[in-house]
Structures are given as structure tokens and as C-alpha cells.
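The chain contents come next:
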Amino acid sequence: MDLAKQDWLDSLNDLIDSEGPERVKEILKELQLNASKKGIRLTFSANTPYVNTIPFDQQVSYPGDRDMERRIKSLIRWNAMAMVVRANRSKDGIGGHISTYQSIATLYEVGFNHFFRGKTDNFPGDMVYFQGHSSPGVYARAYLEGRLNDDHLINFRQELNDKPGLSSYPHPWLMPNFWQFPTVSMGLGPIAAIYHARFIKYLEDRGMRERTDQRVWAFLGDGETDEPETLGAINLAAREKLDNLIFVINCNLQRLDGPVRGNGKIIQELEASFRGAGWRVIKVIWGDDWDPLFDQDDHGILAKKMGEVVDGQYQKYTVESAQYVRDHFFGTDPTLKKMADQLSDEQIKRMRRGGHDPEKVFAAYNAAVDEKDRPTVILAKTVKGYGLGAAGEGQNITHSQKKLGEEALRDFRTRFGIPISDKDIDSIPFYRPDDDSPEMKYLMARRNELGGFVPERSEIDNSIEMPNPKIFDEFNAGSDREVSTTMVFVRILSKLLSDKSIGKLIVPIVPDEARTFGMDALFRQVGIYAHSGQLYEPVDADNLLFYKEEKDGQILEEGITEAGSFASFLAAGTAYANHHINMIPFYIYYSMFGFQRIGDMAWMAGDSRCKGFLLGATAGRTTLSGEGLQHQDGHGHVLALTIPNLMAYDPAFAYEIAVIIKDGIKRMYVNNESIFYYITLMNDNYVQAAMPEGSEEGIIKGMYKFSSSKNPQAQILGSGAILPEVIKASEQLKEKYNIDTDVWSVTSYKNLIQDAQDIERQNIRNGKELKPYISECLNNIDGPIIAASDYMKLLSDSLSKWIKDELVSLGTDGYGRSDDRPALRNHFEVDANAITWSVLASLNLKGHYKDNDLEKAREDLGIDLNKPNPLGE
Ligand SMILES: Cc1ncc(C[n+]2csc(CCOP(=O)(O)OP(=O)(O)O)c2C)c(N)n1
Ligand SMILES: [Mg+2]
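Please read these numbers as outputs of a predicted model, since none were measured by experiment. (Residues numbered from 1 in each chain as written. Chains lettered and ligands numbered in written order. Predicted model: local features only at pLDDT ≥ 70, side-chain atom pairs only at ≥ 80, totals over all residues. Heavy atoms only, no water.)

Novice: Please explain the overall build of the protein as it appears in this structure.
Specialist: Of regular secondary structure, the protein possesses 36 helices and 20 strands. Counting only C-alpha atoms and orienting by the principal axes, one finds that the protein spans roughly 105 × 75 × 55 Å. Excluding contacts between residues fewer than 6 apart, the proportion of contacts in the protein whose partners are at least 24 apart in sequence is 77%. Carbon and sulfur atoms make up 48% of the accessible area of the protein, which amounts to about 36400 Å² in all. (Helix = DSSP H or I, 4+ residues; strand = E, 2+ residues; numbered from the N terminus. Contact = heavy atoms within 4.5 Å. Areas by Shrake-Rupley, 256 points an atom, 1.4 Å probe, with all protein chains shown as cover.)

Put into C-alpha cells, the structure is as follows:
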């Protein structure tokens, strides 16, 4: 025996008994410090041993009826499985997942029976992000609760059947009274949950609603943690002290193809990441069958062995015989072997993992909801396909298992005690006990106690009053001062923030670019939100526009994270449904770091029925000068085409922006339409034209005539910052070449395209003879049509079939360059000269402009015959 060591251990035990754990911690820290002064450093480890964080003797007693809850859970397991198997019998290949829910069932059921609170008159309800592909289990529970019926379940994944079915995954777009959060694109749920929890604090700190202990629960897969978005914002959650946030990670050690960390341990890896970030980590690794063994484990041999085995091997134990486990796990050490000798084979096979033990899960949740000042993550070890036996439990193929044979169904039925006879089993009936059965009474009583059903999405009629119209009308007259549309927007935003009716509802969001966009004046006006207030004296305190952080600040200054900023936009833009508060987010960012960077989140916003304004600033491939290839956006409006309920505008003048924002506020917050807006803003300063009379409707529809000429020979369309180039070209055509042209401002190609496609569809399907708006505008006038924008040619080109005359598209296909605007517009062939040339050349093709004159114009306009196509440059 090592006497010195024994001495130290004895002293430690004495100290624990006499002074208590806090004092022991203090002394250990001091010892460590002293050792380190002498150069003795402990190896850094962010990990604790591979055992449950909450020891058996600190486990609270379970408040529910375990047996009853197990019966209910078993029925849900059965119905969830039956739903997928039946759907795939009726439509081969329709898909769905069985094994994920089977692994997460206990984690959900403890939540449903004891933690997830519904929305009531006095309480806003807990926000639960369900793991996307566990949806069959959530539906199966709603079925028992009487919220869904047999038809719904039969039509799982068959939304286009006569009777409405259930969507594959959580989609508020498709099931607006049920799902709140689309989670199935892995990684988006977790980051959205973090910013949502933060947004709840924002609402409370700003006094927008009462403080409550409402919580955000996010359930996710262990494989899902590979996504950068999953872990990318965990520091923020700790920094912001989000004690209203609980992550539950279903660590079944498997993803789709195989083990998550076959050669390592995902729970330990995640523990280190979350602890390092400052979260409370609760590991739920072992079920109560292991407690007696740990009790005998005086020398920590069992815990050590558990720490040594890698996940791939744990998966192997799940699928192997008891003898295999005896030989390979317990058999490696005589003490462990002795422990195993006390157990029957049956017992060894049934030794549960922590995530399948309701008492362990309850203890973890209970600790999590009591945690103060930091978020909690629960790392629960489970088995993928739990209960499927040979049909898939722990198998690498289990994720995609969608069909079960009769024998597997029978085994499953017997394992979980479902009252379905052998005779009926092959028809896989759904099972719902009578309303007055003890199971149903218990289940409903629990939900009543917790305030109602979860998930449930609801909208109330809380339309806003429109802001003062003067905010928008002041731009109608235009101005001689050269200003950019970004400056115009900031002015509108500033006025809206001061508006009596909606000022408080506005949420300005920016990822560290406020100064770029000239928004620094807003820092002072409404403050930057900081839960802790401002704990330092800002360097620019004596400046009028100083960097003002405050607890009830209104601006969300998110730092350099477009994903995080977008997650805030989502939280704010769905507050009307999730919190019944009509918040109006304005998220302004470098347009290039928009859809192509966070495209999947923008899609999620559409699905979420998110409202609000996205402002793509420093937009336009040739309008953002200097910054070059990775900054200059000439395709944001093409990407915007992909999101069905996104309104996309590329306005040129101040009055256009004012009209669009006013209309947007009305449509989203007065008419309650499920749409959101993308508006591009530029930093090019130019004189702001006055609004041509009667153009309001056209601005909203997508185009209007900006200027008419007496005898037009061509029509020129311009958008955004290229409209001034079009106007210049039109003037030059008149002055130098004596050619009259009409000028149109196209504010939204997306609107024009969608309108034309819709009209065409109606004409073809219903034999109508309607005219798209684009044809109404252009088909009564002769002439070539030249369309120029700072975006890809595809936008205007896609309208050509609805225009009777020849259309020439000028756009900015290709990589950007760092240079000034004139050089860029020359390079991309969208400047006034290139537009002028295109008009002349098109007229020439029609025989309306002479060859000789055209050659002369080529020289005047500097059109280089040998210039390569910028697309390939
Ligand atoms: C962004 C994204 N990539 C891929 C998928 C396809 N996918 C669905 S489930 C899955 C595996 C999930 O594994 P895990 O997170 O461990 O969940 P489990 O089913 O094991 O609980 C994958 C790759 C997806 N839904 N989203
Ligand atoms: Mg997994």
C-alpha cells in the first residue's frame, strides 16, 4: 500500500466530513495553484468520468406513475411504428423513420408527462424543438390525445390524398396549427433554439411582456452535432446566461450510415465542448440496472472500464448475446467478471442505458429547470431502434428501416405489451384505449395539469395600427441631394422606431455592419440590447453617437454571425405566433452574405411563416465598388426566386423603398399574410427622383413607367442602381442619336415572373385569355426592349416569352472585381454606354438604324469588338 497516498486520501475524507464540499473545493483549488507555481501542472481535461452526472443518492424521487407512463409510452411506440410501416405498405418508398423515435421515446414522454407546459391565458407555454425525423412519435402522442385521428395517421406522408395527411417532418407551412419549428434540416433547430431563448430574454428585458419561467427545449440527434450550426452558437448561450434553454441530445451513438464516433465517445466529446463553453452538462449514461454494480465498484474499476470502451464497441454489445458481453466487457477484469456472475443472461441483455430510464431522465430535467444563469445540456445515452430487436435495434441499417415483417411486429407487440392479437397483427392496427381507460385518463390529466397540448401553433388577430403615413410620403417629392438608398432606409427605420403605434415592435438586427450602413445614430436613439447593461465606460462616451449598450436596448447587434443574426430574425419574425406579439424585425446585412450563406435558414423562415424585412445592403455586383469578387452580389435576387413566400424588391429610388415598406407592413401586420420581404439597398449616392404620379401600384406589382417619350422607338427597363444608368442612356439616345425611348423601373422581377407564370397556367388549364402584367405593360408598344440590372441576366430573360418584341438582357453574370463603379459597369456592360449601344444595335437589327451610324456610335460609345464576355473572366 502506498502510505503517502493513503494519508492524503484519509485527510480528504476527514475534510469532506468535517468541512463540507465547498471548503474541499477551495482547498483543492489552492493545492492545484501551489503545485502549478512549482511547475507541476495537471493535464487539462474538460471531461468528467463516463458515469451519470447525478449520482444515485442525489436522484429525486419520481413523481409519476411509472407503470402507467410505461403503458402509455408503449402505445405511442406502437402507433409511431405502425404509422411508418403502414404508409410504406400503401405507397412503396414513401419513407419515414421508426428507429429514431424508439430511441428518444422516454426523453419525450418524461417531458410530456412532467415538464412541457402548454400555452394558457397566463402562461406563454414552453417552446419545444422536436427532433425532425422523430415526428411519428409526436404524431402518435397527438393521436392518443385525440388531436389526430386514424385518417391522419393512415395518411402519414401522404399530404396530397383526399383526406389530409401528416407532413413528413415538422412544417408550420403545412400544419400551421400544430408545428411551430421546422427542425429537420440538421443543425438549424439548435441554433434557432439558442437565439429564440435569447429573444425571450430580450422581450422581457425590454418590457414587451411579463417575465416568466418559460423555457426553450431543443431535442437533437448526436449525429446532428456534426453540423457547424449546432455547436456554432453555444458560446452565446452561456455568455447570455440563458437559463431558459435546455438542449437534450439523443446520444444513440448512431447516425444514418453508421456510428457517430465509432472510435471515440460522442458523449465525452460533447461534454468537453459544452463545459468549455460554460454550459451545465448533465450526462445520463446508465439506467438503474447498473446502480447496484456501481455500488460495489469501490475502486472505480467499472467506471474506468466504461470510460475505456469506444462507442462502436458499445453498439456491438447492443446487438450481441449476453455471453459476448460477459466475455468482452466484464471478462477483461476479475472484479468485473464477478459482478457479471451475479447476473442472468436476461438481466445482462436488459441493462438499460440512461436515456431509457425515466427516473434518471426525470432527475436530469429536474436539475436543468432549476439551473440559474446558464443553459443546460443533457447528454442522454440511448439505443437506436430500441425494442426493434433483430429487426433493427442498434443495427447500422436501422435508420432506414421502414418495413417490418409479421414476426418482427409480433415481437414488438409482445415486448411492449400492446393488446393486439396475433390474428390482427398483420393489419397493424393503430391502438387507442377508450377515453375512460386509466391510461387515457392519466395522459389527459397530465396534459391538463401542464396547461394544454404541445406542440401547438396558434395565431391571434392582433393586427397593428399603420404607422404615421408621413414617414413614407416625405420621399414622394425626391431630393436634389445625392443620397443612397441605404441612407433612405436608415431614415425610414429611424422614423419607424419613433412611431407611436409601432416603434416598440421594431427589432433592428445587424451583424457588425451598422457603421457601414450609416446606422450608428440608432445606437444612441434606441440603444444596443445587452442583458447585463453596459459594464464599462465606452471610449466614445463623449461622442453624441456613442456605443450605447443597455438592458432595454432595442438593436440586436449580433457580431459577425449572419447565421446567428438570421436566427434572431426568425425568433422575432415568428413572435406573432409563438408569443402573440407582433414584432417587426428589420435585419440588415451585406447582401452577398445573405441567401448564399444562410440559404437553408431563409427556407426555414418561409416554412416557419416568419414575417419581417431582410435588407440586403451594399447590393449590386457593380454598385459595391472596390470590394471585389467575394463581396459583390449579383445573384441575391436569383436566389430569392427560390423561396415561394418571399417578396423580393430591387428598388432604385427613395419613394420606391417607402412604398414597398409601407405595403409590406400592411400586408404582413395588418392583413396578416404569411410572407416576408427581401429588399436590396445600395451605397451609391445619386439624386433621388420624384415619384411619377400614379406609380404606387406599379411599384408594388413589379414595374411602372418612369418616363414616357413622344415617339418611343425602344423601351428600356432598369432596376436598382442601374436605373440611373438607364435614365442616362435614354437622355443620351435623345440628345446624341435623336431616338425617343420610354424608361421603366422594374422593382421586382420576382413578382413579374410569378404573375406571368400564374396567368399562363390559368390560360392553359382553364382556357382563359388573361394577360400577364408584363405583357399589359409592354405589348402595346413597339420597339426592342432592353432590360438592365445589377443582377444575372436570367431575371429579365425569363420574361421574354411574354413580351412580343425582342428582349435584350444586360446583367452582371460573372465574378466581380475590385475597381470603381464606372470601371465595373463598363466591365459588366451595364453602364449608360452599353445600354445605349444595345438600343442602337437592336434597332439596327430591325432595320431601324443604319449600319454606318451604328459603326460611328460604336466608336463614340467605346464599344470594344474584342472585349471578352465578363462571364468567363
Ligand atoms: C442538413 C441535413 N443533412 C442531412 C440530413 C439527412 N438525415 C436525416 S436523419 C440523418 C441522421 C441523423 O442522425 P442523428 O442526428 O444521430 O439522429 P438519430 O436518428 O440517430 O436520432 C441524416 C443524415 C438532414 N435531415 N439534414
Ligand atoms: Mg444518432
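We are not done yet, so read on.
Novice: What is the right way to read the packing of helix H4 (residues 99-114) against helix H5 (residues 135-144) from this model?
Specialist: Relative placement of two packed helices is described by the angle separating their axes and the distance separating the axes. The interhelical angle for the contact between H4 and H5, taken along N-to-C directions, is 45 degrees, at an axis separation of 9 Å. Comparing their axes, H5 and H4 come out oblique. The handedness of the crossing between H4 and H5 is right-handed. Residues Tyr-101, Tyr-108, Glu-109, Phe-112 and Asn-113 of H4 form the contact with H5, whose own contacting residues are Gly-137, Val-138 and Arg-141. Partitioning the contact of H4 with H5 into residue classes produces four nonpolar, two polar and two charged. (Axes fitted to C-alpha atoms, helices over the stretch in contact; angles between N-to-C directions. Parallel < 35°, antiparallel > 145°, perpendicular 65-115°, else oblique. Left-handed = near helix turned anticlockwise from the far one by under 90°. Nonpolar A, V, L, I, M, F, W, Y, C, P; charged D, E, K, R; others polar.)

Novice: Would you mind going over the sheet that holds strand S3 (residues 245-251) with me for this structure?
Specialist: Strand pairs in the sheet, formed through backbone hydrogen bonds, run parallel or antiparallel to each other. Taken together, the five strands give an open sheet; going across it, the order is S1-S2-S3-S5-S4, and neighbouring strands pair in parallel fashion. One side of each edge strand has no neighbouring strand; the edge strands of this open sheet are strand S1 (127-129) and strand S4 (280-284). Each adjacent strand pair in this sheet contributes to an overall mean axis angle of 15 degrees, direction not counted. In this structure, S4 lies alongside strand S5 (residues 376-381), joined through five bridges in parallel fashion. Its bridge partner lying in S5, Ile-282 is registered against Ile-378. Along the sheet, helix H7 (residues 188-205) makes contact with S1, strand S2 (216-221) and S3, crossing S3 at roughly 165 degrees. (Pairing = 2+ DSSP bridges.)

Novice: Sorry, what's going on with the layout of surface pockets here?
Specialist: To find the voids left in a structure, one rolls a probe of water-molecule size over its atoms. Computed from the structure, the largest pocket encloses a volume of approximately 1100 Å³. Lining the largest pocket we find 45 residues, and of these Lys-349, Arg-350, Arg-352, Tyr-386 and Arg-415 sit closest to its centre. Within the residue set of the lining of the largest pocket, elements represented by two or more residues are helix H3 (66-90), H4, helix H13 (311-319), helix H16 (345-350) and helix H18 (406-416). Per-element tally for the lining of the largest pocket: the top contributor is H3, with seven residues. Residue composition of the lining of the largest pocket, by class: 21 nonpolar, eight polar and 16 charged. Size it by volume and the second largest pocket reaches roughly 370 Å³. Taken together, 16 residues form the lining of the second largest pocket, with Pro-55, Phe-56, Asp-291, Phe-294 and Asp-295 sitting closest to its centre. Looking at the lining of the second largest pocket element by element, the count peaks at four residues for helix H11 (residues 291-296). (1 Å grid on protein atoms, 1.4 Å probe; cavity = no way out; pocket = protein on both sides within 12 Å on 5 of 7 lines; lining within 4 Å. Points joined across faces, edges and corners; volume = space filled by probe spheres on them.)

Novice: I keep staring at the coordination of the magnesium ion (ligand 2) and nothing clicks. Help me out?
Specialist: As a benchmark, a tetrahedral metal site with four donors has ideal angles of 109.5 degrees, while an octahedral site with six donors has ideal angles of 90 or 180 degrees. At the metal site, the magnesium ion (ligand 2) is ligated by Asp-222 (OD), Asn-252 (OD1) and Gln-254 (O), and these contacts range over 2.0 to 2.1 Å. Each donor residue of the magnesium ion (ligand 2) belongs to the same chain, with the gaps between them written as D-x29-N-x1-Q. Comparing Asn-252 with Gln-254 shows no difference in burial state: the two are buried. (Donors = N, O, S within 2.8 Å, 3.2 Å for Na, K, Ca; no water. Buried < 20%, exposed > 50% of the residue type's maximum accessible area, 1.4 Å probe, protein only.)

Novice: What should I look at first to understand the side chain of Gln-158 in this one?
Specialist: Topologically, Gln-158 is positioned in the loop between helix H6 (150-154) and H7. Once residues lying within four places of it in the same chain are set aside, the contact partners of Gln-158 are Ala-87, Ser-90, Lys-91, Ile-94, Lys-163, Gly-165 and Leu-166.

Novice: What am I meant to see in the site of ligand 1 here?
Specialist: Thr-100, His-133, Asp-222, Gly-223 and Lys-384 are the nearest of the 18 residues found near ligand 1. One of the side-chain nitrogen or oxygen atoms of Asp-222 is found 2.8 Å away from an oxygen atom of ligand 1. Residue Gln-254 places a main-chain N or O atom 2.8 Å away from an oxygen atom belonging to ligand 1. About the coverage of ligand 1: the protein hides 76% of its 590 Å² of free accessible area. (Near = heavy atom within 4 Å. Polar contact = N/O pair within 3.5 Å; in protein donor to acceptor, adjacent residues only side chain to side chain.)

Novice: Would you explain the environment of Val-284 in this entry?
Specialist: Its place among the elements puts Val-284 in strand S4. Put simply, Val-284 and Arg-353 are 69 residues apart on the chain and 8.1 Å apart in space, counted from C-alpha to C-alpha.

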